[in-house]
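Structural overview for review
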Amino acid sequence: MNWDDTTDTPAEERLVGSVADREDQAVEAALRPKDLGEFIGQEKVREQLDLVLRAARARGATADHVLLSGAPGLGKTTLSMIIAAEMEAPIRITSGPAIQHAGDLAAILSSLQEGEVLFLDEIHRMSRPAEEMLYMAMEDFRVDVIVGKGPGATAIPLELPPFTLVGATTRAGLLPPPLRDRFGFTAHMEFYEPAELQRVVHRSAHLLDVEIDTAGAAEIAGRSRGTPRIANRLLRRVRDYAQVKADGVITKEISAAALAVYEVDARGLDRLDRAVLEALLKLFGGGPVGLSTLAVAVGEERETVEEVAEPFLVREGLLARTPRGRVATPAAWAHLGLTPPRSAGTGNGQQDLFGA
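Here is a short report on the structure shown in this document. The model shown is predicted, which means the values in this text are computed figures rather than measured ones. (Residues numbered from 1 in each chain as written. Predicted model: local features only at pLDDT ≥ 70, side-chain atom pairs only at ≥ 80, totals over all residues. Heavy atoms only, no water.)

1. Details of the nonpolar core
One broad rule of soluble globular proteins: the nonpolar side chains tend to lie buried together. As a reminder, the rule being used: Think of a nonpolar core as a cluster: buried Ala, Val, Leu, Ile, Met, Phe, Trp, Tyr and Cys residues, connected wherever their side-chain atoms sit within 4.5 Å. Buried residues are those whose accessible area, probed at 1.4 Å on protein chains only, stays under 20% of the maximum for their type, while exposed residues exceed 50% and partly exposed ones sit between those limits. Numbering of helices and strands starts at the N terminus; helices are DSSP runs of H or I of at least 4 residues and strands are runs of E of at least 2. Contacts between residues were defined by any pair of non-hydrogen atoms, one from each residue, lying within 4.5 Å.
Within the largest apolar cluster, 48 residues are counted, with the highest numbers of intra-cluster contacts made by Leu49, Leu79, Ile212, Ile220 and Ile250. The dominant element in this core, judged by the number of residues it contributes, is helix H9 (residues 228-245), at seven residues. Apart from residues lying up to four places away in sequence, Ile250 is in contact with Val210, Glu211, Ile212, Asp213, Gly216, Ile220, Leu235, Val238, Arg239, Ala242 and Ser255.

Okay, structure coming up:
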């Protein structure tokens, strides 16, 4: 739908990770809304996109190219499928890493039907030659296919039928301006509010034939880190617990007990998140501490701490990045039920150079 547990568990396999595994992909296919009316959340994006699609249908033309940016699990793939459905057009799905040569892209583009939607996930990871070919394809619906090598090489122009490119990216800043400028409509997907996630949980529970009350849905939504994909994953784990340990009905108490088993706390932090905070608070007095030192303290790779744990902790206001290193905020001390030392934030409980 619109939408990593132990030290040696890959980031993408975390229960609160936003990357879809095979189970997620299978379930999401069944839970995905079919049109904009069913899509929950992203009110502004839905309203703007609805205008774009309605106008294109009224003109009898293909829709403008669309760029969707935002964190994983917020519904970019779902929206691309809705765009195709609303335009009554087929959709072809590929990804940037799969297009390593301009010829790969030329093969895809040359086989598109008129009006077809091409969904290009992680578009920022596409190779530069393919990217440059895409400029002309998006603007003029034409590509130049190079035949031969060296001085005898010849560029043969290949006309393309009008199509709609839907690009998705988690890192919009990596897209070069010439590519960004060729999209007629761009939208940034925001994290969901708890009330919106509660609606997502209720809808998914209905489609999965799971009985859940309002408080149970709210408990799951509150631990879902603002991401529908995580909410659906937590719902499935709570459903399993309710079937085995209770009568199958998901209540607030059942949700809390189930997620305690999976080490997801009331704010959505898992074992890795809490390990980072505990090391920062208990071993380094709240910081500042360097990223490499912090990673060694929790037994993880530097990249895992920086790319997997830190973004959510920063967004929750539990950790701050400073020029001197990582620093815990007062909210982090409160969340773990610890009392900060008088010199918390100056590093290892020591006074700073000015004796403050």
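2. Comments concerning helix H8 (residues 214-222)
Where we set the bar: Nitrogen and oxygen atoms within 3.5 Å of one another constitute a polar contact, given that in protein one can donate a hydrogen and the other can accept it, and given that sequence-neighbouring residues count only through two side-chain atoms.
Within the sequence span of H8, burial applies to Gly216, Ala217, Glu219, Ile220 and Ala221. Elements in contact with the buried residues of H8: helix H7 (194-207), H9 and helix H10 (252-261). Its side-chain oxygen 3.4 Å from the backbone nitrogen of Ala215, Asp213 forms the N-cap of H8.

3. What about the sheet that holds strand S2 (residues 91-95)?
Cut-off, in case you're wondering: By definition, two strands form a pair when at least two bridges between them are found by DSSP. To obtain each axis, a line is fitted to C-alpha atoms, and for helices this fit is confined to the stretch in contact; angles are then taken between N-to-C directions over 0 to 180 degrees.
Strand order in the open sheet formed by five strands is S2-S3-S6-S1-S7, with parallel pairing between adjacent strands. Each edge of the sheet is formed by a strand with only one pairing partner; in this case those strands are S2 and strand S7 (185-188). Across this sheet, the average inter-strand angle for adjacent strands is 15°, counted without regard to direction. Two strands pair when backbone bridges link them, and strand S3 (residues 117-121) and strand S6 (residues 164-169) are joined in this way by four bridges, in the parallel orientation. Along S6, the bridge assignment pairs Val117 with Thr164.

4. Let's talk about unusual backbone geometry
Backbone geometry places Phe141, a non-glycine residue, at a positive phi of 50°. Tracing the sequence through the fold places Phe141 in the loop between helix H5 (128-140) and strand S4 (142-147). For Phe141, a relative accessible area of 22% corresponds to the partly exposed category. Within the chain, Arg225 stands out as a residue other than glycine whose phi angle is a positive 55°. Take Arg225: it is sitting in the loop between H8 and H9.

5. Quick look at the pairing of S2
Which entries qualify depends on this criterion: Seen with the strands pointing away from the viewer, any crossover whose path from the first strand over the helix to the second strand runs clockwise is right-handed.
Judged from the five bridges that link them, S2 and S3 form a sheet pairing that is parallel. When the sheet's bridge partners are listed, Ile93 is paired in S3 with Phe119. In this fold, S2 hands off to helix H4 (residues 102-110), which returns the chain to S3; that crossover is right-handed.

6. Comments concerning the pattern of salt bridges
Charged atoms that come close allow side chains of opposite charge to pair. To keep it simple, the criterion reads: Here, a salt bridge means any Lys or Arg side-chain nitrogen found within 4 Å of an Asp or Glu carboxyl oxygen.
Counted according to the given criterion, the structure contains 16 salt bridges. The salt bridge involving Arg46 is made with Glu43; its shortest N-O contact spans 2.6 Å. Within this pair, Arg46 and its partner Glu43 are both found in helix H2 (residues 43-59), separated by three residues, close to a single helical turn. On the basis of relative accessible area, Glu43 is assigned to the partly exposed category, the value being 42%. If you follow the salt bridges from partner to partner, you end up with Arg237, Arg239 and Asp240 in one network.

7. Section: the side chain of Glu86
Inspection of the secondary structure puts Glu86 in helix H3 (residues 76-86). For Glu86, a relative accessible area of 19% corresponds to the buried category. Once you skip the residues sitting within four places of it in the chain, Glu86 turns out to touch Asp35, Leu36, Leu53 and Arg57.

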